[in-house]
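Residue strings, one per chain:
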Amino acid sequence: MATRNKVAKAKSKATAARAKSSAKKSSKKVVKLKVKKPAAKTAGNGLPRLSSKPFGQAGRALEGVRILDFTHVQSGPTCTQLLAYMGADCIKVERPGVGDITRGQLRDVKGADSLYFTMLNGSKRSITIDSKHAKGREILDRLVQQCDVLVENFAPGALDRMGLTWEHIHKLNPRMIVASVKGFGPGPYEDCKVYENVAQCAGGSASTTGFRDGPPLVTGSQIGDSGTGLHLALGIVAALYQRIRTGRGQRVLAAMQDGVLNLCRVKLRDQQRLKHGPLTEYSQHGEGVPFGAAVPRAGNDSGGGQPGWILKCKGWETDPDAYIYFITQAPVYATPPARLPRLRQIFDTVEKWTETKNKFEAMEILNKYDIPCGPILSMKEIAEDESLRATGTVVEVDHPTRGKYLTVGNPIKMSDSPADVRRSPLIGEHTDEILRKVLGYSEKEVGDIKQSGAITAPDKPAKAEAA
Ligand code: CAO
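Residues numbered from 1 in each chain as written. Predicted model: local features only at pLDDT ≥ 70, side-chain atom pairs only at ≥ 80, totals over all residues.

Visitor: Break down the overall build of the protein for me, with residues and values.
Guide: From N to C terminus, the protein includes 19 helices and 11 strands. Taking all 467 residues of the protein together, 36% fall into the buried category. In the protein, the share of contacts with a sequence separation of at least 24, taken over all contacts with a separation of at least 6, comes to 69%. (Helix = DSSP H or I, 4+ residues; strand = E, 2+ residues; numbered from the N terminus. Buried ≥ 20, exposed ≤ 12 C-beta atoms within 10 Å, placed from the backbone. Contact = placed C-beta atoms within 7 Å.)

Visitor: Account for the site of the ligand, with residues named and values stated.
Guide: Near the ligand there are 25 residues, and of these Val-73, Asn-153, Phe-154, Ala-155 and Lys-193 occur at the shortest range. Going through the elements one at a time, α3 (75-85), β2 (89-94), α6 (158-161) and β5 (177-182) are the ones with two or more residues in the shell around the ligand. Here the shell around the ligand is composed, by residue class, of 10 nonpolar, six polar and nine charged. (Near = placed C-beta within 6 Å. Nonpolar A, V, L, I, M, F, W, Y, C, P; charged D, E, K, R; others polar.)

Visitor: Give me helix α15 (residues 359-368): which residues, what numbers.
Guide: Those residues of α15 lying buried are Lys-359, Ala-362 and Leu-366. Take α15 and look down its axis: the buried residues cluster within an arc of 60°, on one side only. Set apart from the buried face of α15 by more than 90 degrees, the exposed residues are Glu-364, Asn-367 and Lys-368. Considering only its buried residues, α15 is in contact with β8 (323-327), α14 (343-354) and β9 (373-375). Of the residues trailing α15, Asp-370 is marked for its positive phi of about 60°. (Arc of directions from axis to C-beta.)

Visitor: Now, about the environment of Gly-288: what can you tell me, with residues and values included?
Guide: Among the structural elements, Gly-288 can be located in the loop between α12 (283-286) and β7 (308-312). A tally of 7 C-beta atoms within 10 Å means that Gly-288 is categorised as exposed.

Visitor: I'd love a proper account of the sheet that holds strand β3 (residues 125-128), names of residues and values included.
Guide: Spatially, six strands are ordered β3-β2-β1-β4-β5-β6 in an open sheet, and the strand pairing comes out parallel. Among the strands making up the open sheet, the edge pair consists of β3 and β6 (251-255). If you compare each strand with its neighbour and ignore which way they point, the axes differ by 20° on average. Both strand β1 (residues 66-70) and β2 contribute to a ladder of four bridges, which runs parallel. Bridging from a neighbouring strand, Leu-68 pairs with Ile-91 of β2. Here α3 sits on the sheet in contact with β1, β2, β4 (149-152) and β5, set at roughly 145° to β4. (Pairing = 2+ DSSP bridges. Axes fitted to C-alpha atoms, helices over the stretch in contact; angles between N-to-C directions.)

Visitor: Pulling in residues and values, what's your account of the nonpolar core?
Guide: In terms of nonpolar packing, the biggest core is built from 60 residues, with Ile-67, Leu-83, Val-149, Leu-150, Ala-179 and Ile-236 touching the most fellow members. Tallying contributions element by element places helix α9 (residues 226-246) first for this core, with six residues. When neighbours within four sequence positions are excluded, Val-149 is seen to be in contact with Val-65, Ile-67, Met-176, Ile-177, Ala-179 and Ile-236. Listed in part, the 11 residues of the second largest apolar core include Tyr-323, Phe-326, Val-350 and Leu-366. (Core = buried A, V, L, I, M, F, W, Y, C linked by C-beta atoms within 7 Å.)

Visitor: Would you mind going over the packing of α3 against α9 in detail, with residue names and values included?
Guide: With their axes 7 Å apart at the nearest point, α3 and α9 run at an angle of 50° to one another. Taken together, the axes of α3 and α9 are oblique relative to one another. Like other packed secondary-structure pairs, α3 and α9 cross with a definite hand, here right-handed. Here α3 contributes Ser-75, Gly-76, Thr-78, Cys-79, Leu-82 and Leu-83 to the contact with α9, which in turn contributes Ser-226, Thr-228, Gly-229, Leu-232, Ala-233 and Ile-236. Grouping the amino acids of the contact of α3 with α9 by side-chain chemistry returns six nonpolar, six polar and no charged. (Parallel < 35°, antiparallel > 145°, perpendicular 65-115°, else oblique. Left-handed = near helix turned anticlockwise from the far one by under 90°.)

Visitor: Go over the environment of Asp-416, please, and point to the residues and values.
Guide: Turning to its location among the elements, Asp-416 is positioned in the loop between β11 (403-408) and α18 (431-438). Note on Asp-416: 14 C-beta atoms within 10 Å, which makes it partly exposed. Asp-416 sits 363 residues away from Lys-53 along the chain, and the two C-alpha atoms are 9.9 Å apart. Not counting the four nearest positions on each side in its chain, Asp-416 is found in contact with Phe-55, Gly-56 and Ala-58.

Visitor: Provide a residue-level description of the sheet that holds β8, including the pertinent values.
Guide: Spatial strand order, β7-β8-β9: three strands in an open sheet with antiparallel pairing. Each of the sheet's edge strands pairs with one partner strand only, and the pair in question is β7 and β9. Between one strand and the next, the sheet's axes are offset by a mean angle of 20°, whatever the strand orientation. Each of β7 and β8 is contacted by α14, which is oriented at about 35° to β7, the strand it contacts most. Where α15 meets the sheet, it contacts β8 and β9, and its direction lies at approximately 160° from that of β9.

Visitor: Describe in detail the pairing of β5, supporting the description with residues and values.
Guide: Among the six residues in β5, six count as buried, and that is most of the element. Neither face of β5 is open: one carries Ile-177, Ala-179 and Val-181, the other Val-178, Ser-180 and Lys-182, and all of them are buried. Sheet analysis places β4 next to β5, joined by four bridges and oriented parallel. When the sheet's bridge partners are listed, Val-149 is paired in β5 with Ile-177. Across five bridges, β5 lies against β6 in parallel orientation. Within the sheet, the bridge partner assigned to Val-178 lies in β6 and is Arg-251.

Visitor: Got a sec to walk through the confidence of the model for the protein? Specific residues and values, please.
Guide: In this model, the protein carries an average pLDDT of 89, and 88% of its residues clear a pLDDT of 70 or more. In this model, residues 1-39 is a region of pLDDT below 50 whose contacts with residues beyond four sequence positions or in other chains number 30 contacts. Note on residues 461-467: pLDDT under 50 across the span, and 14 contacts to partners over four residues away in sequence or across chains. (pLDDT = per-residue confidence, 0-100.)

Visitor: Quick one: what's the story with the packing of α9 against helix α10 (residues 256-263), residue by residue and with numbers?
Guide: At a minimum axis separation of 9 Å, α9 and α10 run at an interaxial angle of 95°. With respect to each other, α9 and α10 are oriented roughly perpendicular. Residues Gly-227, Thr-228 and His-231 of α9 touch α10, and the partners they reach there are Met-256, Gly-259, Val-260, Asn-262 and Leu-263. Counted by class, the contact of α9 with α10 contains three nonpolar, five polar and no charged residues.

Put into structure tokens, the structure is as follows:
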């Protein structure tokens, strides 16, 4: 009871601090509290009155949403980074002295956070908390009370072992949404740890990628990690929307196997079509190679009604990316049945021509004839692409220890919610600020917390790496 009173007192203090800090903010720019005010200000259809502010100046889509970001590595961070770009206040909780393991992985600049970390944790705040320390648990409980969403992608069971079971969280804050990435959903593999390529294999991508006469292949697109992060972000936004009606939070689970399968659904479509005959759009059909029991790897076949292939362009002998994707729509082969048996012949003929042009010249000429095609762009070309910079898809940000770096901005463009793309935080950079302003701890309490060892690594002050 005493503890409960203490929590309640702390909560009201924290709420006051939160209101004070948002009032302070609102005098500078957008008034977020106004957006939340209901009934009297509605237009009669349950929605607030139309904003009179110009588009792009009425705040960001997720402003006012506070996230307890307990994510690490790639899948979880990619989800919360996207929500942060859309305006959520993302508080990343990291282990004192260590932080997200990716801070030090694939390090390219000595002593600076890696690009692995910086490109997945932009626009967030960082607090260090030892979740296994009694005082750390108390701080986490207070964060649970102050946040709208907890996002995590620990190994199965890890969150429970920290004492943060759904029951505990729901009791502390019934409005909280608890969103998780796991490798597998409930079933035989639910306790397994999973990384990107495992998910690509278990989700059906690897068995359907590569060439027919080669082994299964993983793809460079991080469909297991970033793909699942995207799925989770959608689940969170939908849960926030449902909470407007129900008032309560819910659990959201995005399993990596499920996310990959969702992106591979056309291959499950093809698996079912196999029962009714060969997959005529696969080039192996035109080549007279019989199908087996499962969907085969289709090389660079386009997989749709419009056959395509990757063709060499001028310079292919030395440039590994001097290729173009070409789709056949020539009138004499106007129908798929007319084209499919002659695909190799068509592509060989067209390639004789593409080999005389570089991929950009070929693209320009082919587009004049409305032929869908795409140059194979290297990451170097993408990094230097001016149009991607202009749209904010590729953004350069400045970082105190590593200097300028490129990151991928928000790939989703919203006309009334400009992306908020900022550098990633240093480890524990916002520990003090969050303890005081979000959680309402007093000067003395913050001092006690520091002494307790709950926010510092042994023999190391919390901000040591930030210096
Ligand atoms: N304070 C104290 N301890 C902390 C902490 C903190 N702030 N943050 C994390 N820890 C602890 C956890 O409690 C856990 O301890 P226990 O095992 O004793 O419960 C420990 O750190 C390790 O966490 P973990 O199990 O998540 O990490 P791992 O390196 O063993 O596994 C991964 C990593 C990715 C395989 C696993 O987290 C996982 O399967 N996640 C779900 C799927 C996923 O997201 N995979 C994609 C990763 S990106 O490729």
